[in-house]
Every structure is written in C-alpha cells, then in structure tokens.
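A structural walkthrough
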Amino acid sequence: MAVILLVEDDFALAMGTEYALQAEGYTVIHARDLDSARAAVQQPEPVIDLILLDVMLPDGTGFEFCKEVRNVNVQVPIIFLTAVGEEANIVQGLELGADDYVTKPYHVKELLSRIAANLRRSRLSRQTGGGEPEEYVFGMHRFHRKELRLFCQDQPVELTSSELRLLRELIRNEGMVLTRNQLLERVYDTEDAFVDDNTLSVYMKRLRDKLTVDADWIQTVRGVGYRFKKRGGIAHEK
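Heads up: these notes are all about the structure in this document. (Residues numbered from 1 in each chain as written. Predicted model: local features only at pLDDT ≥ 70, side-chain atom pairs only at ≥ 80, totals over all residues. Heavy atoms only, no water.)

1. Describing the overall build of the chain
Condition: What counts as a helix is a DSSP run of H or I of at least four residues, what counts as a strand is a run of E of at least two, and both are numbered from the N terminus. Exposure classes here rest on a 1.4 Å probe applied to the protein chains alone. A residue is buried below 20% of its type maximum, exposed above 50%, and partly exposed in between. In this description, contact between two residues means that some pair of their heavy atoms is separated by no more than 4.5 Å. In this description, accessible areas are obtained by the Shrake-Rupley approach with a 1.4 Å probe, and a residue is regarded as covered only by the protein chains that are shown.
Regarding its fold elements, the chain presents 9 helices and 14 strands. In the chain, which comprises 238 residues, the share counted as buried stands at 50%. Across the chain, contacts joining residues at least 24 apart in sequence account for 60% of those joining residues at least 6 apart. When the accessible surface of the chain is split by element, carbon and sulfur atoms take 51% of a total near 11600 Å².

2. Considerations on the packing of aromatic side chains
The condition is simple: Two aromatic rings, drawn from Phe, Tyr or Trp (for Trp, its six-membered ring), form a pair once their centres lie within 6.5 Å of each other, and the interplanar angle then sorts them: stacked below 30 degrees, edge-to-face above 60, tilted otherwise.
Considering all chains together, one arrives at 6 aromatic pairs under this definition. Ring centres 5.4 Å apart and planes at 50° place the aromatic pair Phe63 and Phe80 in the tilted group. Within this pair, whereas Phe63 is found in helix 3 (residues 62-72), its partner Phe80 is found in strand 6 (residues 78-83), the two being separated by 17 residues in sequence. A residue is classified by how much of its surface remains accessible, and Phe63, at 9% relative accessible area, is buried. The interplanar angle of 85° and the centroid separation of 5.1 Å between the aromatic rings of Phe138 and Phe228 together place this pair among those described as edge-to-face. On the criterion of sequence distance, the pair formed by Phe138 in strand 8 (residues 135-138) and Phe228 in strand 14 (residues 225-228) is long-range, its members being 90 residues apart. Owing to a relative accessible area of 1%, Phe138 belongs among the buried residues under this scheme. On the basis of relative accessibility, which here comes to 0%, the residue Phe228 falls in the buried class.

3. Here's the deal with the sheet that holds strand 11 (residues 155-157)
Formally: Any two strands with at least two DSSP-identified bridges between them are counted as paired. For helices, the fitted line uses only the C-alpha atoms of the stretch in contact; every axis is such a line through C-alpha atoms, and the angle between N-to-C directions lies from 0 to 180 degrees.
Ordered in space as 8-9-10-11, the 4 strands form an open sheet in which the pairing is antiparallel. Strand pairing shows two members of the sheet lacking a second neighbour, strand 8 and strand 11, which therefore form its edges. With strand direction ignored, the average angle separating the axes of adjacent strands in the sheet is 30°. With 4 bridges joining them, strand 9 (residues 141-144) and strand 10 (residues 149-152) adopt antiparallel strand pairing. Within strand 10, the position partnered with His144 by the bridge is Arg149. Sheet strands in contact with helix 6 (residues 161-172) are strand 8, strand 9 and strand 10, and its direction is about 100° off that of strand 9.

4. Notes on the nonpolar core
In plain terms, the rule: Here, nonpolar core means buried Ala, Val, Leu, Ile, Met, Phe, Trp, Tyr and Cys residues that are tied together by side-chain atoms lying within 4.5 Å of each other.
Membership of the largest hydrophobic core comes to 51 residues, with the highest contact counts inside it found for Val7, Ile51, Leu53, Phe65, Leu170, Leu183 and Phe228. Counting residues per element, this core draws most heavily on helix 9 (residues 197-211), at 6 residues. Once residues within four sequence positions are removed from consideration, Ile51 is found in contact with Leu5, Val7, Val41, Phe65, Val69, Val76, Pro77, Ile78 and Ile79. Counting residues in hydrophobic clusters, the runner-up holds 17 residues, among them Leu6, Leu21, Ile79 and Ile115.

5. Some thoughts on the side chain of Glu8
Let me state the cut-off plainly: Polar contact criterion, stated in full: a pair of N or O atoms within 3.5 Å, where within protein one must be able to donate a hydrogen and the other to accept it, and residues adjacent in sequence count only if both atoms are side-chain atoms.
Here Glu8 shows up in the loop between strand 1 (3-7) and helix 1 (11-23). Note on Glu8: relative accessible area 1%, which makes it buried. In terms of polar contacts, Glu8 uses its side chain to reach the side chain of Lys104, at 3.0 Å.

Set out below in structure tokens:
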C-alpha cells in the first residue's frame, strides 16, 4: 500500500487523520515541522508516494517545503491542507506545484477520495499510451511520452505531474479543440478529485509560463476551451 507523508503540527488533527489513513491500509509518516519533513523525504526508504502538507508550520510554511520537493521530485503528488477561505493560499500552492488541496476542517471521506484519485493519476502518468510515438517535438521542445519528461534544447523542463498530464492530453489531441470540461474529466478525474474550473486555469497558466517561447502552441478558443496547435510539414515524431 502507498506511503503517505503527513506534515501537520496540530496534534489532534494529525492523530485523527493518521488513524483514518491507516484504517484504509496506508503507511503514514507524520512530521510536525519542516525539519522532520525534510528528513523524511531524504530517506531512501520507504519511498513516499504522496504528501499531505499543512500551510502554516512552527518553523516555516508548507510553500517552502513544496518548492524544495519540486526541485528534486516532480512526480510525487502534493495535497495542501489549508484553512477555509484562504483562497490566496490555494492559488499559491498550486502555482508552486501542488496537485490538489483540501480545506480544513475536512471530511475524512473527501480526503480519502482525493488521495486515491491523486495516487491513481500518479500511477497512470508513468504509463505510455499504447501505439503513441515515444517522442513528440514542437517548437524548441521535445516531449517524451514514455518517460513523461519535457526538454527545451536538450535541457529538462521541470513540470509537475498535473502539468505533465495536461500537456500529454493536449498533445494527444493535436489540432482538436478540447472543452474545459473535457480536460477536467480526462486529466483530473473531477468526480473524485474535486478539481474545479479555477484550478484548471491555474494549471494552464503555469504550463504556458514554463513553455516560454512555445507557449503559443496552446491556443485558447474563447468560450469553448483549448487546442494544441497542429504541426505542419515534415512529421517530427520518432
């Protein structure tokens, strides 16, 4: 079963959450501050499959830790635990590379559903679609489907698992218009993960920012959704 790192300094909340996760079969590592969380991710074993991350911690913020994790690991799902009404925290967390968020106080059923959905998507992200060419080249970028990695002039571009899934789906439907609802359903599994329209906008902006000079390959179709620009001329797939 998956190993979850729970970074939460509220003892009562952490104990209740840990109990619920263990009852579902998850292995839980509890860290009450940033130092403990850093020590946990630096250990070679056990491999952490998902991180539940509080925003405010005794020795800093979850934002700091999220940024540190993303600098070395773009795949592990990160779910922020944030207080009700802290919309700015939610947006900042997503922009730093978080995959999802849950507002406190949260219902255990909702938390478990989001964890399961993010773990499932993380596993699927490591799989290559059958029959698809391994490499896709556009502009100055190369996207490796099998490795789920993006390169710009042979330099790796650090994308989170959410951004990688979004890019893969856009490329898979090159030249076709995908509605916002279609992207939400295909990429983010909205039935389980509760990802909303605003979250998709944050992910799309973040992906375009990282594509820099090739951001215009993702075209906005006003009132409908998005389209990945169709390439012309000689095929670039390998």
